[in-house]
Every structure is written in structure tokens, then in C-alpha cells.
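Close look at the chain arrangement
The residues making up each chain are set out below.
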Amino acid sequence: MSPAKFPSKRAPVFADVPDEKWNDWRWQLSHRLNSVDDFEKVFPLTESEHKALSAADLFRVDITPYFASLINPDDPDDPIRKQVIPTAGEIVPFTGMMEDSLAEDRHSPVPGLVHRYPDRVLMLVTTQCASYCRYCTRSRIVGDPSSTFSRSDYEAQLDYIRKTPQVRDVLLSGGDPLTLAPKVLEELLSKLRDIPHVEIVRIGSRVPVFMPQRVTDELTEILQKFHPLWLNIHVNHPNEITVELEEACEKLSRAGIPLGNQSVLLAGINDCPHIQKQLVQDLVRIRVRPYYLYQCDLVDGAGHFRTPVAKGIEIIEALRGHTSGFAVPTFVVDAPGGGGKIPLMPNYLVSMSDHKIILRNYEGYITSYEEPIVYQPHDPKTCRFCQSRRLEPGQQGVSGLLDSDQMFIKPEGFDLLHNRGGGQHRLRADENKWKPLGIGPGDEES
Ligand SMILES: *Cc1c(COP(=O)(O)O)cnc(C)c1O
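As the structure is a prediction and not an experimental result, all values here were calculated from the model. (Residues numbered from 1 in each chain as written. Predicted model: local features only at pLDDT ≥ 70, side-chain atom pairs only at ≥ 80, totals over all residues. Heavy atoms only, no water.)

1. Some details on helix H7 (residues 151-162)
- When the terminal C-alpha atoms of H7 are compared, their 16 Å separation across 12 residues agrees well with the 16 Å that a helix rising 1.5 Å per residue should span.
- Restricting attention to buried positions, one finds in H7 the residues Tyr154, Gln157, Leu158, Tyr160 and Ile161. Each buried residue of H7 lies within a common arc of 155° when the element is viewed along its axis, so the set occupies one face.
- Along its buried surface, H7 packs onto strand E1 (113-117), strand E2 (120-124), strand E3 (169-173) and helix H8 (182-193). (Helix = DSSP H or I, 4+ residues; strand = E, 2+ residues; numbered from the N terminus. Expected span 1.5 Å × (residues − 1). Buried < 20%, exposed > 50% of the residue type's maximum accessible area, 1.4 Å probe, protein only. Arc of directions from axis to C-beta. Contact = heavy atoms within 4.5 Å.)

Written as C-alpha cells, this is what we have:
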């Protein structure tokens, strides 16, 4: 028998709202809280929050009544409150702060389309969200209702994807794609599905968390026409996992949409291994698989949310082995300047020799693994997959050093600095190549 499920508590100010209004996402959207007066009806604001709310060019504030009701009015440090109510910390600059910390604009061949990885693109389809996270990594573009993406932007984005056959995965984000009018979303998805090389589409959305009422049967009926479709939500703290979110996820799962979660590591909100463990366990219980845990970006306004990177490693240390393997997210630092996501984790490799590797497990138990004495190496010449592999120019990276005859990767300017011989020695075209048959560089040529 599953326990009886009660709807989440409403803030007293909303007690008299009829259920059919409360449960209507349009009502939730049009009754969002955004002013000192609105908030004071729900909980007394702190001095710091007051100050931030009256600051000039404050990043947009808007919170659905549902999400605001999850805040404990008596706790100024409530983990949900801190995600959505600005504080004076938001106005403080810090070393390393950037407007576009992931250099997304530089990677955009057309407005709103970020092509940073070889086989997939990020497609920003709106600047609007159901509520606004104070640490938003795209606060440079998000929130402004007068500057969102239009049909002609979509056409340019779609055109780029149509003429770029290596794009097999399109990630819709924004803003929040699930705030789009259903017709517009349907049209977009259908145009993407008409592109033969687009194998999968995914949506990044916090709508199920901010406004679970939006996940209607009508919405899931639209979405399930466009499989394979994946969806990542964004939950940072166990307090966000309510009966309403659970029901929304249930509908999405029943529509065959695999659900993942991306969370952001935030000081004073979820920078604790025990909170994180509860979060990931609650997520898998509602069939949402933790995907990424992000180190907080170096973005304008988010300085007070940053933790040391080590906190993320500590959290993964506390999760891996201690709970279900599929509940453990990958901790990533999204490289400032646009290097993409870089995964980090504790070290489990303790030492190695030519015949053994020494490993430690999550308990600190140290073991050894005997390496095979004979290993018939994989033969790329007879492997159909190796033969049909397509090179990604300039993107083979370290993996390219392993599986080709390329010898090294050099930082820019390296040759200039190390050519102290004075230029008599000109680099030959094949100098970045291992010679076949195991003859290394500097070996006498026979
Ligand atoms: C995160 C991201 C993706 C998707 O990365 P995955 O690791 O495949 O989830 C794609 N493009 C951009 C620009 C991104 O930031």
C-alpha cells in the first residue's frame, strides 16, 4: 500500500484560490510573484532581499505561487527561497566574473544556436522561464520579454541544422522550451523531426519543478509524437520533490520520455553530501536519473553561490558506492571560455605496474587487479566500425593520440618558443606522426 498523497501546502495568501485555478498553469503563470508587496504577503523579506529587489537592472524576478508556497516562511535561509529570491550578494562582483562565461555567443553560427561539440547542438528557443533562478548561467539573455526568439530565428537555426549533417542530437533549451505555446513547440519539434540526420531531440526544462501543472495530458500527447525524445529537469534540493512533481514525472515517464536531472552545486543550498544523497535517492524514486551536477558558473550575479570545486568531489565521494550507481550524477565544470563540460571525480586508481593495477573502493579497501599477460589487440583494419569512423577535424583530442599515429598536441605558440635553434630546423609535415612498426622519433632510420 502506498501512503496517501496530499497536495503540497499552499502559502496562506493562496488558501482561497479555487483548486481549478490553482491547478491551471495559466493561472500560475499570470499570478507570479515579483514585487516587494507580493513577497511580503507570503513571508517577511530580509534587509538583503529588500535591497536587491530595489536594485537597478536586477535580473528578472518571477516566481509561481506553487513554487513560492514551498518556501518555509520562517526560514530566511530556506533552500528554495535562496534559489529564486534575490539577495544583496547578487550585486557583488567577483574575480573571474563574466557575462557569457561559457563563450556561447562565440560558438553560435546563428543567433541562439550553440555548436560546441561535434555531433550535437544546443538550440535556445525562448528567453522566458516559469520562474527565474538567481544563478542563471544565461542571465545575459534570459528574462527579457521584449527580446525572445522569433519564427525567423527558428528558421535560421533549423537551416543550420539541415545543412550540418554531423548534428545527430539537438538539445532544446533557453529560457524554458516548455513555456512556449504548445502549437509553437509542436511545430518546432516537427520541423526538427523532418531532418533525417537528427536522431534524438532533448529538452532541458524546469517547468515540471516550477509549475508541474503545465505537464498536462495535452502536453504529453504532443511530446510523445516526437520520439526518441529525452527530457532533463532541474532539481537542486529534496524540498522541491513534491507530490505534484512526482505526478508530472509520472505522466512524462508514461509517455515514454526518459527523465534526467541536472542540478547546480550551490553554496548554502545543496553543498552537503547528505542533502545530495537524499536528493538523488528521491529523484530515482520518481524515476528521474541524476545526470549532471554542475559546478556553479563564473557568471555575473552568482558569486555568492559558488563553492570550491573540491565540494563537488567530496559529494561524489559520498555517493559512489554508498548508493545506487545510477543515482550518482557526473560532476562537471563547464569550462570558462567555452571548453565544454569537464568531468571530475575522486581518484580510485592508486598505483600500477606493467602487470597489476592497484585500486581502492569507496570504503578505502585497497585491491589489485592482475593485467592479462597476453592480449590480442583489437584490429582496426578488420573492424567495420573503425573503418567507417569519421574524423572530427581538430577535435580528436587526447583520444586521437590513442587511436591514430598522431604524436602530440601543442599549445599555440609552442613552436615559436621552442625553435631556439634559429630556424635552420624546419618542421616537416609528418613530424607529428609516429612511424609505423613501432619505430619512434629519434630512432635511427634503417
Ligand atoms: C551541455 C551542452 C551540450 C550537451 O552536452 P552533453 O554532455 O551531451 O549532455 C551540448 N551543447 C552545449 C553547448 C552544451 O553546453
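Past the structure itself, the notes keep going.
2. Things to note about the pairing of strand E4 (residues 200-204)
- In terms of residue burial, E4 counts as a mostly covered element, since 5 of its 5 residues are buried.
- What you see with E4 is no split at all: Ile200, Arg202 and Gly204 on one side and Val201 and Ile203 on the other are buried throughout.
- Pairing between E3 and E4: 4 bridges, direction parallel. Directly across from Val170, in E4, lies its bridge partner Val201.
- In this fold, E3 hands off to H8, which returns the chain to E4; that crossover is right-handed.
- Where E4 and strand E5 (residues 229-233) come together, 4 bridges link them in parallel fashion. Of the residues in E5, the one forming a bridge with Arg202 is Trp230. (Pairing = 2+ DSSP bridges. Right-handed = clockwise from strand over helix to strand, strands pointing away.)

3. So, the side chain of Arg140
- With respect to the helices and strands, the residue Arg140 is situated in the loop between E2 and H7.
- Here Asp100 takes part through its side chain, which lies 3.5 Å from a polar atom of the side chain of Arg140.
- Separated by 3.1 Å, the side chains of Arg140 and Glu104 make a polar contact.
- For Arg140, the contacting residues outside a window of four places in its chain are Glu99, Asp100, Glu104 and Asp105. (Polar contact = N/O pair within 3.5 Å; in protein donor to acceptor, adjacent residues only side chain to side chain.)

4. With respect to the domain arrangement of the protein
- Split into domains, the protein comes out as domain 1 (12-86) and domain 2 (105-344).
- Here domain 1 and domain 2 have C-alpha centroids that lie 23 Å from each other.
- Taken together, the contact between domain 1 and domain 2 spans 26 residues of the former and 32 residues of the latter.
- For the pairing of domain 1 and domain 2, the buried interface totals around 2300 Å² over both sides, and the portion due to carbon and sulfur atoms is 59%.
- Of all residues in domain 1, Trp25, Phe59 and Gln83 give up the largest surface area on contact with domain 2, accounting jointly for 33% of the area buried on that side.
- Linking domain 1 to domain 2 there are 0 salt bridges.
- Secondary structure elements with two or more residues in the side of domain 1 that touches domain 2: helix H2 (25-30), helix H5 (65-68) and helix H6 (79-84).
- Here the element with the most residues in the side of domain 1 that touches domain 2 is H6; it accounts for 5 residues. (Domains from an automatic or database assignment. Buried area = accessible area lost by both parts, 1.4 Å probe. Salt bridge = Lys/Arg side-chain N within 4 Å of Asp/Glu carboxyl O.)

5. Points about the sheet that holds strand E11 (residues 356-360)
- As summarised here, the arrangement of the 3 strands in space is E10-E11-E12, forming an open sheet in which the pairing is antiparallel. Two strands close off the open sheet at either side, each with one partner strand: strand E10 (349-352) and strand E12 (366-370). In this sheet, adjacent strand axes meet at a mean angle of 25° when their direction is disregarded. (Axes fitted to C-alpha atoms, helices over the stretch in contact; angles between N-to-C directions.)

6. What to know about the side chain of Glu90
- Looking at where Glu90 falls in the secondary structure, it is placed in the loop between H6 and E1.
- With relative accessibility at 11%, the residue Glu90 sits in the buried group.
- Within polar-contact distance, the side chain of Glu90 engages the side chain of Arg134 at 2.7 Å.
- Those residues in contact with Glu90 that lie beyond four places of it in its chain are Leu58, Phe59, Arg134, Gly301 and His304.

7. Considerations on the packing of aromatic side chains
- On inspection of all chains with the given rule, the structure shows 9 aromatic pairs.
- Both rings, one in Trp22 and one in Trp27, keep their centres 5.8 Å apart while their planes meet at 45°; by these two values the pair is tilted. Grouping residues by exposure puts Trp22 and Trp27 together as buried.
- Where Tyr135 meets Phe305, the ring centres are 5.8 Å apart and the plane angle is 85°; that geometry is what we call edge-to-face. Within this pair, whereas Tyr135 is found in the loop between E2 and H7, its partner Phe305 is found in the loop between strand E7 (288-294) and helix H13 (309-319), the two being separated by 170 residues in sequence. An identical accessibility class is assigned to Tyr135 and Phe305; each is buried.
- Joined through ring pairs, the aromatic side chains of Phe14, Trp22 and Trp27 make up one cluster.
- In this arrangement the basic side chain of Arg116 is found over the ring face of Tyr117, its NZ or CZ atom lying 5.8 Å from the centre.
- Lying across the ring of Phe385, Arg384 places its NZ or CZ 4.5 Å from the centre. (Phe/Tyr/Trp six-rings, centres within 6.5 Å; stacked < 30°, edge-to-face > 60°. Lys NZ or Arg CZ within 6 Å of the ring centre and 35° of its normal.)

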